[in-house]
Amino acid sequence: MASDSGNFSFDNGVLPKIQTNGAGTKKPANGICHDDSVPPVKAQTIHELHSLQRKRSAPTTPVKEGSGGAVFATISEEERQKLQLQSISASLASLTRETGPKVVRGDPARKAEGGAQKPAPEHHHYITPTISVSDSALKFTHVLYNLSPAELYEQAIKYEKGSFITANGALATLSGAKTGRSPRDKRVVKDDVTSEDLWWGKGSPNIEMDEHTFLTNRERAVDYLNSLDKVFVNDQFLNWDPENRIKVRIISARAYHSLFMHNMCIRPTPEELEDFGTPDFTIYNAGQFPCNRYTHYMTSSTSVDINLARREMVILGTQYAGEMKKGLFSVMHYLMPKRQILSLHSGCNMGKDGDVALFFGLSGTGKTTLSTDHNRLLIGDDEHCWSDNGVSNIEGGCYAKCIDLSQEKEPDIWNAIKFGTVLENVVFEEHTREVDYTDKSVTENTRAAYPIEYIPNAKLPCVGPHPKNVILLACDAFGVLPPVSKLNLAQTMYHFISGYTALVAGTEDGIKEPQATFSACFGAAFIMLHPTKYAAMLAEKMQKYGATGWLVNTGWSGGRYGVGNRIKLGYTRKIIDAIHSGELLNANYQKTEVFGLEIPTGLNGVPSEILDPINTWEDKTSYKETLLKLAGLFKKNFEVFANHKIGTDGSLTDEILAVGPNF
């Protein structure tokens, strides 16, 4: 109690008991104090508390009458996960042992966090090999299966150096020493079947390897993956056409690779994932581990190998994620034509009336810009199939270039870079994490990989009816091709096989000259069969479904690069709009010399004088010389295809050659 002196003292030196507003006490009359306590958490340890934070969803497949999955849907969740792990173990099996490695589901770090706590039931499923012949057979390989983007962010940030969350929410990653594809290190197994089916020799992207060498590299990749504490496994789909989709499994060592493929492949629903079963194709991405340079056919420490008979792909010595995307595209270029389905390296969009257009073009031709149209729905930006059902996107995402990206020029791509997007090899400000898209310090080939639904006008599902227009884009830096030409079927095949554009290459002293570039089918690096086979399929489908071919020059007019000017984007958009609307089908046409192209005499919104390129050149003699120079380059490029017979009697080959440059 208080003394007269104002000091406090306590009887017997004992502190008085503090009265609280808990049980057995009366509430103060003024009501100011109140009891805001809540029951304690139902956890005895910090690990149990953390486990309460995460809720597990257990999707079940609805049992449909007469469906083949009815029996499967009745098994328990534990049995389903066991079957799933058996399938993954089989994928990781060495060919020299009877069974696969011991695999267990879950993150090994989670087990460490729990100390001696008993693991969750799903961690009990493992497969034990019958022959233990290596150290890796004595350990568990933890499987991180179809993780969500949020989970993959956590894995990347914790364990992968060079992974950061940028200011816009995307995951910035590094692909290591390789910042692009390694086409010279790509190999395809040549066997009795592929020796006849595939395109080999001059001009072909297919470099052969034998079965034994592939198995050697496969063993090296599998041993590396099995030596790790954990691997990432993605089970996904290719091709939005449900009748012709392909099941793919990607086994990788990096969260970056897993998130990249999560975005780029078609993401299965929980119900589809339950009944996924055995994949149609498997990728073993051991890119952090080099190949053995003493192995036959190896020319560097990098090797990207495809075995079509085994339906497998092995990646060694490169962490560039684009190898997986384009490797699967090559596989689709083989598998789909076997089903009489045309695989295409193209963009694709659809108008409000259901009119579909395909856009073909090499880098710099404006394929992405022109196929991205706010008045039309985007079916896809890069890879498609054309079957009897119509067109379908092969992928579930977009892989966009980021160099010099701006919100003004590419608002859709800019806005798609957010949480869930992978940003490859970009540079960002250290403190704010704001990305500088102009910085080429790491590479000029900076990229963003994001799900297609991040594009506001994406058509979901990514399928459409048969194309009405097939648009071949060329950026002609020689300035002699017309802004637009209507093509007959033979001309469409000729220019499709040629795959022409012209790039501007700079030299050290500042002199710049246009350089012609030809890429068969506008994607020679990825095709498997001879280009004429794809061209014949394209012509057949165009004829069957009434599509029209167009050649659109987005390059120069009034002279070559350095003399003339680039055709205004506004004019090109008017041309594309006129193709979509059907206006150009009803235009009057005249034929050009040398290339024999049909060009319109007039078009609303486009100056008539630029429609015929000779009108825009002041020096007519120089125009004709440049025209003949380009024609000669076309002829020289086509020599490799001239002796290849198309059809039973080869008459189609003669027809195609007849529509080439004539001089």
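Residues numbered from 1 in each chain as written. Predicted model: local features only at pLDDT ≥ 70, side-chain atom pairs only at ≥ 80, totals over all residues. Heavy atoms only, no water.

If you look the chain up in an unreviewed UniProt entry, it shows as phosphoenolpyruvate carboxykinase (ATP) from Rhynchospora pubera. Looking at the chain in UniProt, the text filed under Subcellular location (unreviewed entry) is "Cytoplasm". (UniProt positions renumbered as here; feature names shortened; annotations may be inferred.)

Caption draft 1: A look at the confidence of the model for the chain. For the chain, the average pLDDT comes to 87, and 84% of its residues sit at 70 or higher. Here residues 58-73 is modelled with pLDDT under 50, and outside its nearest four sequence neighbours on either side it reaches 19 contacts, counting other chains as well. Predicted confidence is poor over residues 505-511, with pLDDT under 50, and the contacts of this stretch with residues over four places away or in other chains come to six contacts. (pLDDT = per-residue confidence, 0-100. Contact = heavy atoms within 4.5 Å.)

Caption draft 2: Structural detail: the packing of helix α7 (residues 255-264) against helix α9 (residues 322-338). Contact geometry for α7 and α9: axes closest at 9 Å, N-to-C directions at 40°. Considering their axes alone, α7 and α9 lie oblique with respect to each other. Crossing of α7 against α9: the hand is right-handed. Residue-level inspection shows H257, F260, M261 and M264 of α7 in contact with α9, the latter providing G322, M324, K325 and L328. Residue composition of the contact of α7 with α9, grouped by class: five nonpolar, two polar and one charged. (Axes fitted to C-alpha atoms, helices over the stretch in contact; angles between N-to-C directions. Helix = DSSP H or I, 4+ residues; strand = E, 2+ residues; numbered from the N terminus. Parallel < 35°, antiparallel > 145°, perpendicular 65-115°, else oblique. Left-handed = near helix turned anticlockwise from the far one by under 90°. Nonpolar A, V, L, I, M, F, W, Y, C, P; charged D, E, K, R; others polar.)

Caption draft 3: Here's a closer look at the pairing of strand β28 (residues 548-553). Most of β28 is tucked away, with six of its six residues classed as buried. The alternating pattern of β28 places T548, W550 and V552 on one face and G549, L551 and N553 on the opposite face, and all of these are buried. As judged from the six bridges shared by strand β24 (residues 467-474) and β28, these two strands associate in the parallel manner. Paired with L473 across the strands is V552, a residue of β28. As paired strands, strand β25 (residues 484-487) and β28 are joined by four bridges and run antiparallel to one another. When the bridges of β28 are listed, L487 appears paired with G549. (Buried < 20%, exposed > 50% of the residue type's maximum accessible area, 1.4 Å probe, protein only. Pairing = 2+ DSSP bridges.)

Caption draft 4: Representation of the pattern of salt bridges. In the structure shown here, the tally under the stated rule is 19 salt bridges. Residue K190 is joined to E208 by a salt bridge in which the shortest nitrogen-to-oxygen separation is 3.7 Å. Here E208 lies in strand β6 (residues 208-209) and K190 lies in the loop between β5 (186-189) and α5 (194-197), a separation of 18 residues in the sequence. The exposure class of E208 is partly exposed, given its relative accessible area of 35%. Residues K326 and D382 are paired through a salt bridge, measuring 2.8 Å at the closest nitrogen-oxygen approach. Linking K326 in helix α9 with D382 in the loop between β15 (377-380) and β16 (383-387), this pair joins segments that are 56 residues apart in sequence. Like D382, K326 is buried. (Salt bridge = Lys/Arg side-chain N within 4 Å of Asp/Glu carboxyl O.)

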